[in-house]
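A structural walkthrough
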Amino acid sequence: DTEVTQTPKHLVMGMTNKKSLKCEQHMGHRAMYWYKQKAKKPPELMFVYSYEKLSINESVPSRFSPECPNSSLLNLHLHALQPEDSALYLCASSQPARGGNSPLHFGNGTRLTVT
Amino acid sequence: SQKIEQNSEALNIQEGKTATLTCNYTNYSPAYLQWYRQDPGRGPVFLLLIRENEKEKRKERLKVTFDTTLKQSLFHITASQPADSATYLCALRTNAGKSTFGDGTTLTVKP
């Protein structure tokens, strides 16, 4: 098991639903990340939070809304998604993002299906 | 444009042999290069990190090299075992904290 916990493991939602993905880490890391991974593709960066502040947004559509309530928690709020948003959503954490050589610690992801 | 390429989508080798995976990049100035392992349905797991001023790093049966002139990293697994079968991803990390992954190489080690 990983030290980064993601819930739920699986999620099926309709295009008009609102749902949230949750991520938690207790390693004292101050940087947290959301990645999206499609089948047989590498993880693609969506957002980076550093010290609970959004530091990188990779031009992600506004139907994805991240939130970092505190240094241990990271949420991804979903609204009006499209079927092509179906993917594995991975959360990761690390020591501070800038200048650090800390590797990423990933959770096992939420498998999202949009119908 | 920036690009990270891993040598092949799939690599099949016999148990006990050395697996060598390649990661090439263009238009990047990475501070660090990392290698991860990913099993189906799970998140990537960190294996090794090498800094831009390091040539080689080892950990048990794993060895990684980093040539910033050739813009290439080689990842070796010696005495490979069927349990080493997985997808291996290289990732370039900049000082701004952004990590970008290559497409991965799926290694199959046959008994």
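Definitions and limits used
- Residues numbered from 1 in each chain as written.
- Chains lettered and ligands numbered in written order.
- Predicted model: local features only at pLDDT ≥ 70, side-chain atom pairs only at ≥ 80, totals over all residues.
- Heavy atoms only, no water.
- Helix = DSSP H or I, 4+ residues; strand = E, 2+ residues; numbered from the N terminus.
- Rg over C-alpha atoms; globule rule 2.2 N^0.38 Å.
- Areas by Shrake-Rupley, 256 points an atom, 1.4 Å probe, with all protein chains shown as cover.
- Lys, Arg positive; Asp, Glu negative; His and termini not counted.
- Charge placed at Lys NZ, Arg CZ, Asp CG, Glu CD.
- Phe/Tyr/Trp six-rings, centres within 6.5 Å; stacked < 30°, edge-to-face > 60°.
- Core = buried A, V, L, I, M, F, W, Y, C linked by side-chain atoms within 4.5 Å.
- Buried < 20%, exposed > 50% of the residue type's maximum accessible area, 1.4 Å probe, protein only.
- Contact = heavy atoms within 4.5 Å.
- Pairing = 2+ DSSP bridges.
- Axes fitted to C-alpha atoms, helices over the stretch in contact; angles between N-to-C directions.
- Disulfide = S-S within 2.5 Å.
- Salt bridge = Lys/Arg side-chain N within 4 Å of Asp/Glu carboxyl O.
- Buried area = accessible area lost by both parts, 1.4 Å probe.
- Polar contact = N/O pair within 3.5 Å; in protein donor to acceptor, adjacent residues only side chain to side chain.
- Nonpolar A, V, L, I, M, F, W, Y, C, P; charged D, E, K, R; others polar.

**Points about the overall build of chain A**
Secondary structure summary: chain A contains 0 helices and 11 strands in total. Taken over the C-alpha trace, chain A has a radius of gyration of 13 Å; the compact-globule value for 115 residues is 13 Å, and the two agree within 12%. Structurally, chain A occupies a C-alpha span of about 40 × 30 × 25 Å along its principal axes. Split by element, the accessible area of chain A, about 5600 Å² in all, is 49% carbon and sulfur. Computed over 13 positive and 9 negative side-chain charges, the separation of the two mean positions in chain A equals 5 Å.

**Some thoughts on the packing of aromatic side chains**
Using the criterion set out here, one finds 11 aromatic pairs over all chains in the structure. Aromatic side chains B:Tyr36 and B:Phe46 sit 5.8 Å apart centroid to centroid with 70° between the ring planes, which places their arrangement in the edge-to-face category. Placement of B:Tyr36 in strand β4 (residues 32–38) and of B:Phe46 in strand β5 (residues 45–51) is noted, with a sequence separation of 10 residues between them. An aromatic cluster is defined as three or more aromatic residues linked by ring pairs; in this entry it consists of A:Tyr33, A:Tyr35, A:Phe106, B:Tyr36, B:Phe46 and B:Phe101.

**Side note on the nonpolar core**
Most often, soluble globular proteins have nonpolar side chains that are buried together. Judged by nonpolar contacts, the single largest core of 24 residues is most densely connected at B:Leu33, B:Trp35, B:Phe75, B:Tyr88 and B:Leu107. Elements with a contribution of two residues or more to this core: β2 (10–14), β3 (19–26), β4, β5, β7 (62–67), β8 (72–77), β9 (86–93) and β11 (105–110) of chain B. Excluding anything up to four places from it in sequence, B:Leu107 contacts B:Leu11, B:Ile13, B:Ala19, B:Ile77, B:Asp84, B:Ser85, B:Ala86 and B:Tyr88. Core analysis: the next-biggest nonpolar cluster, separate from the first, contains 23 residues, A:Met27, A:Val60, A:Cys68 and A:Leu76 among them.

**A short note on the sheet that holds strand β1 (residues 4–7) of chain A**
Residue and element names in this part refer to chain A. Across the sheet, which stays open at both edges, the 4 strands sit in the order β1-β3-β8-β7 with antiparallel pairing between neighbours. Looking at the sheet topology across the chains shown, the edges are occupied by β1 and β7 (64–70). Averaged over all adjacent pairs, the angle separating strand axes in this sheet is 20°, with direction ignored. Strand direction decides the pairing type here: β1 and strand β3 (residues 18–25), joined by 4 bridges, are antiparallel. Within the sheet, the bridge partner assigned to Thr 5 lies in β3 and is Glu 24.

**Details of the state of the cysteines**
All chains considered together, the criterion is met by 2 disulfides over all chains. One disulfide bridge connects A:Cys23 with A:Cys91, the sulfur atoms lying 1.9 Å from each other. Because the torsion about its S-S bond is -70°, the bridge between A:Cys23 and A:Cys91 counts as left-handed. Of this pair, A:Cys23 sits in strand β3 while A:Cys91 sits in strand β9 (residues 87–94), and the two are 68 residues apart along the sequence. Classification of A:Cys23 by relative accessible area gives buried; the value is 2%. B:Cys23 shares a disulfide with B:Cys90; S-S distance 2.0 Å.

**Observations regarding the pattern of salt bridges**
The final tally for this structure, using the stated rule, is 8 salt bridges over all chains. In this structure, B:Lys98 engages A:Glu58 in a salt bridge whose closest nitrogen and oxygen atoms are separated by 2.7 Å. With B:Lys98 in the loop between β9 and β10 (99–101) and A:Glu58 in the loop between β6 (53–57) and β7, this residue pair bridges two chains. The partner of B:Arg51 in a salt bridge is B:Glu54, and the shortest N-O contact between them spans 3.7 Å. Through salt bridges that share partners, B:Arg51, B:Glu54 and B:Lys57 make up one connected network.

**Quick look at the interface of chain A and chain B**
Facing 23 residues of chain A, the contacting portion of chain B comprises 21 residues. Among the residues chain A hides against chain B, the three largest losses belong to A:Pro42, A:Asn101 and A:Asn108. Together they make up 25% of the total. For the pair chain A and chain B, the interface holds 1 salt bridge. Counting every contact that joins chain A to chain B gives 6 residue pairs in polar contact (both at pLDDT 80 or more). The set of elements that each furnish at least two residues to the side of chain A that touches chain B consists of β4 (31–37) and β9 of chain A. In terms of residues, the side of chain A that touches chain B owes the most to one element, β4(A), which gives 3 residues. Looking at side-chain class alone, the side of chain A that touches chain B contains 12 nonpolar, 9 polar and 2 charged residues.

**So, the sheet that holds strand β6 (residues 56–59) of chain B**
Residue and element names in this part refer to chain B. One open sheet holds the 5 strands; their spatial order is β1-β3-β8-β7-β6, and the pairing between them is antiparallel. Of all strands in the sheet, those bounded by a partner on one side alone are β1 (3–6) and β6. Looking at each pair of strands side by side, their axes are set apart by 15° on average, direction ignored.

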